Amino acid sequence: MDKIGFTYIVDDDPLYNFGTKKLLEFTSFTEEVSFFLNGEAAWKDFEKRNSEGASLPDVILLDINMPIMNGWQFLDLISAAKFTHPVKVFVISSSINQDEMDRANTYALVVDYITKPMTLDKFKDLKKRILSL
């Protein structure tokens with residue numbers, strides 16, 4: 001099975017990021033991955049890459065509740081940015097609040113809202129789904 005080219009993981013939980021790194025390896029999910037502990041760090045990297053013409057992520061797995069800049073703020077900025085590379089955002093959150101799920105789906109870049117925990121099977125299914133889009 002093919003791999004996704006470039007993935008951003010934006011989540012402030014070091015334990016989640018460690019587990020995600022292992023699951024990405026087990027599933028051969030992506031060629032390249034960058035981890036960010038908040039939306040601001042991810043946004044700065046995205047903005048820099050975009051302005052320099054560097055490769056942008058194909059997929060962003062985005063947590064909502066983070067310090068400094070949360071997922072909503074990140075989504076607002078990236079949604080207003082001008083870029084041509086197709087980016088697919090998946091909100092990955094522990095919240096099962098229907099209002100948050102509905103809000104996430106108002107963003108054109110958001111493909112889906114997935115609840116934690118992320119398991120090996122969820123990553124396998126997500127990879128298949130992304131590669132078929």
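One can find the structure itself at the top, above this paragraph.
Quick caveat: nothing in here was measured; it's all calculated off a predicted structure.

About the criteria used
- Residues numbered from 1 in each chain as written.
- Predicted model: local features only at pLDDT ≥ 70, side-chain atom pairs only at ≥ 80, totals over all residues.
- Heavy atoms only, no water.
- Salt bridge = Lys/Arg side-chain N within 4 Å of Asp/Glu carboxyl O.
- Helix = DSSP H or I, 4+ residues; strand = E, 2+ residues; numbered from the N terminus.
- Buried < 20%, exposed > 50% of the residue type's maximum accessible area, 1.4 Å probe, protein only.
- Pairing = 2+ DSSP bridges.
- Axes fitted to C-alpha atoms, helices over the stretch in contact; angles between N-to-C directions.
- Contact = heavy atoms within 4.5 Å.
- Phe/Tyr/Trp six-rings, centres within 6.5 Å; stacked < 30°, edge-to-face > 60°.
- Lys NZ or Arg CZ within 6 Å of the ring centre and 35° of its normal.

Trainee: Whenever I open this one, the pattern of salt bridges confuses me. Can you help?
Mentor: Between side chains of opposite charge, a pair can form when the charged atoms approach closely. As enumerated under the stated definition, the model contains five salt bridges in all. The shortest N-O distance in the salt bridge between Lys-22 and Glu-25 comes to 3.8 Å. One end of the pair, Lys-22, and the other, Glu-25, are both in helix 1 (residues 14-26), three residues apart, so they sit about a helical turn from each other. Taking relative accessible area as the criterion, Lys-22 reaches 32% and is therefore assigned partly exposed. With a closest N to O distance of 3.8 Å, Asp-63 and Lys-116 form a salt bridge. With Asp-63 in the loop between strand 3 (59-62) and helix 3 (71-80) and Lys-116 in the loop between strand 5 (110-115) and helix 5 (120-132), this residue pair connects regions lying 53 residues apart in the sequence.

Trainee: How do you make sense of the sheet that holds strand 3 when you look at a structure like this?
Mentor: Paired through backbone hydrogen bonds, the strands of a sheet run either parallel or antiparallel to each other. Spatial strand order, 2-1-3-4-5: five strands in an open sheet with parallel pairing. Two strands lie at the open edges of the sheet, namely strand 2 (30-36) and strand 5, each paired on one side alone. The mean angle between the axes of side-by-side strands here comes to 20 degrees, regardless of whether they run parallel or antiparallel. As defined by bridge partners, strand 1 (residues 4-10) adjoins strand 2 across six bridges and the pair is classed as parallel. Bridge pairing in strand 2 links Tyr-8 to Ser-34. Of the strands in this sheet, strand 3, strand 4 (88-93) and strand 5 touch helix 3, which is tilted by about 155 degrees from strand 3. Here helix 5 sits on the sheet in contact with strand 1, strand 3, strand 4 and strand 5, set at roughly 170 degrees to strand 5.

Trainee: Teacher, can you tell me more about the environment of Gly-71 here?
Mentor: With respect to the secondary-structure elements, Gly-71 resides in helix 3. Residue Gly-71 is classed as buried on the basis of its relative accessible area of 0%. The spacing of Gly-71 and Asn-38 is 33 residues in sequence and 8.0 Å in space, taken between C-alpha atoms. When neighbours within four sequence positions are excluded, Gly-71 is seen to be in contact with Leu-62, Asp-63, Ile-64 and Met-66.

Trainee: Sorry if this is basic, but what is going on with unusual backbone geometry here?
Mentor: Residues other than glycine predominantly adopt negative phi, and peptide bonds predominantly adopt the trans conformation. Look at the link from Lys-116 to Pro-117: it is a cis peptide, with omega at 5 degrees. Tracing the sequence through the fold places Pro-117 in the loop between strand 5 and helix 5. Look at Ile-68: it is not a glycine, yet its phi comes out positive at around 70 degrees. Looking at the element boundaries, Ile-68 is found in the loop between strand 3 and helix 3.

Trainee: Honestly, the packing of aromatic side chains in this entry has me stumped. Any pointers?
Mentor: Given two aromatic rings, one states the distance between the centres and the angle between the planes to describe the pair. Counted according to the given criterion, the structure contains six aromatic pairs. Centre to centre, the rings of Phe-6 and Tyr-8 are 5.5 Å apart; their planes meet at 85 degrees, and the pair counts as edge-to-face. For the pair Phe-6 and Tyr-8, a shared accessibility class is recorded, and that class is buried. Counting every residue linked through ring pairs, the aromatic cluster contains Phe-6, Tyr-8 and Phe-36. Taking NZ or CZ as reference, Arg-103 lies 4.2 Å from the ring centre of Trp-72, over its face. When the ring centre of Tyr-16 is taken as reference, the NZ or CZ atom of Lys-116 above it lies at 4.2 Å.

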